[in-house]
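Structural overview
Okay, here's what each chain looks like letter by letter:
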Amino acid sequence: MSDEAVTEPNGREYRIGELAQAAGVPVRTLRYYQERRLLPPPRREGRIGLYSDEHLARLRMIANLLERGHTLEGIRELLAAWEQGRDIGTVLGVEKAVTTPWSTEVPVTMTMDELAGLFPGEVGAGSVARALELGLIEIDGDRVTHWSRRQLEATVTLVRAGVPLEAVLSAGRELQKSMDGLAAMFVDLIATHVVGRLEEQDLEDLTDTLARLRPGAQVTVEAGFAAAMDRQVRAAIDRLLGPLTP
């Protein structure tokens, strides 16, 4: 039998080879998608499986989602939601609300010499390796990109005030650990009390809720840190000078 497409009264139908060619995927990939239930079975005509334009559209959707970074299991869940009557655009809206980066920091790129000039005598192989490990910088040839202009400027201010760069980097490691723990707590709260079971929720309402929670979580952390700094500064002054108030 050839793999040429056939035309039925209800629209074009494809044998497996033709469908694979139209979708730009190998036949073995198409069969794998069927095994993973990403692709519905074909209409059978005797021993011949005939696929429709809907199969082709689904294959193109799978390819698009893979390009966006979705796993095959995640795609299977999205398609299952779609088949249950949920609009896939709404489902993807939830995914976007959850995975959109929270950081709005602006990166800054410079040469290694320019970076070293910001911290005279303190930028060496060790400090560069630590900054790379912490994810503060990326190096591409002779160009260095710091992930946050604001954080870089804050580091420069600390070092010029007399804090060694190595001490700043060490504090950065501890800060990352604390922030990871705090972020994990927020994620657990949202996952447990807001997201719950997706199939039981109105996805459009959930998307709106997640969007509203983002600034609230950030404000909570910033306000909490400011209050903690006030307490720690007062405690430090009391240790150095004694209580300033009765």
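The rules behind each value
Here the residue index of a chain counts from 1 through its sequence in written order. Under the rules for a predicted model, residues below a pLDDT of 70 receive no local features and side-chain atom pairs below 80 are neither given nor counted, while totals for whole chains, interfaces and linings still include all residues. By convention in this description, side-chain values take in all heavy atoms of the structure and omit both hydrogens and water. We count a stretch as a helix when DSSP gives it H or I for four or more residues in a row; a strand needs E for two or more, and each element gets its number in order from the N terminus. Residue exposure (1.4 Å probe, protein chains only): buried if accessible area is under 20% of the type maximum, exposed if over 50%, otherwise partly exposed. In what follows, residue pairs with any heavy atoms lying within 4.5 Å of each other are defined as contacts. Working definition of accessibility: Shrake-Rupley area with a 1.4 Å probe, residue cover restricted to the visible protein chains. To obtain each axis, a line is fitted to C-alpha atoms, and for helices this fit is confined to the stretch in contact; angles are then taken between N-to-C directions over 0 to 180 degrees. Just so you know how the angles are binned, under 35 degrees is roughly parallel, over 145 roughly antiparallel, 65 to 115 roughly perpendicular, and the rest oblique. Each residue gets one of three labels, nonpolar for Ala, Val, Leu, Ile, Met, Phe, Trp, Tyr, Cys and Pro, charged for Asp, Glu, Lys and Arg, and polar for the others, Gly among them. Here a strand pair is declared whenever DSSP counts at least two bridges between the two strands. Residues grouped as a nonpolar core are buried Ala, Val, Leu, Ile, Met, Phe, Trp, Tyr and Cys residues, joined through side-chain atoms within 4.5 Å. Each patch is built from residues that are more than 30% exposed by relative accessible area and take part in no salt bridge. Like charges join if they lie within 9 Å; nonpolar side chains (Val, Leu, Ile, Met, Phe, Trp, Tyr) join within 5 Å. One side-chain nitrogen of Lys or Arg within 4 Å of one carboxyl oxygen of Asp or Glu is enough to make a salt bridge. For a helix, the expected span equals 1.5 Å multiplied by the number of residues minus one. In the analysis that follows, any N or O atom pair within 3.5 Å is treated as a polar contact, provided that within protein one partner can donate a hydrogen and the other can accept it, and provided that, for residues neighboring in sequence, both atoms belong to side chains. A residue's pLDDT is the predictor's confidence in that residue, given on a scale from 0 to 100. Take the far helix as the reference: if the near one is turned anticlockwise from it by less than a right angle, the crossing is left-handed, and if turned clockwise, right-handed.

With that settled, consider the overall build of the chain. Across its full length, the chain carries 10 helices and 7 strands. Residues counted as buried form 27% of the 246 residues belonging to the chain. Counting only contacts in the chain whose residues sit at least 6 apart along the sequence, the fraction spanning at least 24 positions is 58%. Accessible surface, the chain as shown: approximately 16400 Å² in total, 56% of it carbon and sulfur.

With that settled, the discussion passes to the packing of helix α1 (residues 16–23) against helix α2 (residues 27–35). When two helices pack together, their arrangement is given by the angle between the helix axes and the distance between those axes. For the pair α1 and α2, the least separation of the axes is 9 Å and the interaxial angle reads 100°. On the basis of the axis angle, α1 is roughly perpendicular to α2. On α2, the residues that touch I16, G17, L19 and A20 of α1 are V27, L30 and R31. Its residues assigned to classes, the contact of α1 with α2 shows 5 nonpolar, 1 polar and 1 charged.

Along strand β4 (residues 48–52), 4 of the 5 residues are buried, which leaves the element largely enclosed by surrounding structure. Pairing of strand β3 (residues 43–45) with β4 involves 3 bridges; the strand directions are antiparallel. Note on β4: the bridge partner recorded for R44 is G49. Here β3 folds back onto β4, and the loop between the two strands holds 2 residues, one of which, G46, carries a positive phi near 70°.

Attention now moves to the nonpolar core. Membership of the largest hydrophobic core comes to 17 residues, with the highest contact counts inside it found for L19, L30 and Y51. Of all the elements in the fold, those that place two or more residues in this core are α1, α2, α3 (53–67) and α4 (72–83). The element best represented in this core is α3, accounting for 5 residues. Ignoring any residue separated from it by four or fewer positions in sequence, one finds L19 in contact with Y14, L30, Y51, H55, L56 and L59.

So, about a nonpolar patch on the surface. Taken together, the side chains of F225, M229, V233, I237, L240 and L241 present a nonpolar region at the surface, about 620 Å² in accessible area. Inspection of the secondary structure assignment puts L240 in helix α10 (residues 203–241). The class of L240 is exposed, set by a relative accessible area of 73%.

Attention now moves to α3. Note: α-helices contain 3.6 residues per turn, so residues at a spacing of three or four share the same orientation. Helix length check: α3 (15 residues) gives 21 Å between terminal C-alpha atoms against 21 Å at 1.5 Å per residue, within 8%. The set of residues buried in α3 consists of H55, L56, R58, L59, M61, I62 and L65. The opening residue of α3 is S52, an N-cap whose side-chain oxygen sits 3.2 Å from the backbone nitrogen of E54. The first or second residue beyond α3 is G69, which carries a positive phi of 100°.

Quick look at the confidence of the model for the chain now. Within the chain, residue pLDDT values average 80, and 77% of them lie at 70 or more. Note on residues 1–9: pLDDT is under 50 here. Beyond four places in sequence and across chains, it has 19 contacts.

Here R130 shows up in helix α7 (residues 125–133). For the pair R130 and R173, spaced 43 residues apart in the sequence, the C-alpha separation amounts to 9.2 Å. Sequence-distant contacts of R130, that is, excluding residues within four places in its chain, are made with E166, L169, S170 and R173. Within the structure, R130 has its side chain in polar contact with the side chain of S170 (distance 3.1 Å).

Time to look at the packing of α1 against α3. Between α1 and α3, the least distance of the axes is 10 Å, while the angle of their chain directions is 40°. Taken together, α1 and α3 sit at an angle that is classed as oblique. Judged by the sense of rotation from one axis to the other, the crossing of α1 with α3 is right-handed. Residues L19, A22 and A23 of α1 pack against H55, L56, L59 and R60 of α3. Residue classes in the contact of α1 with α3 are distributed as 5 nonpolar, 1 polar and 1 charged.

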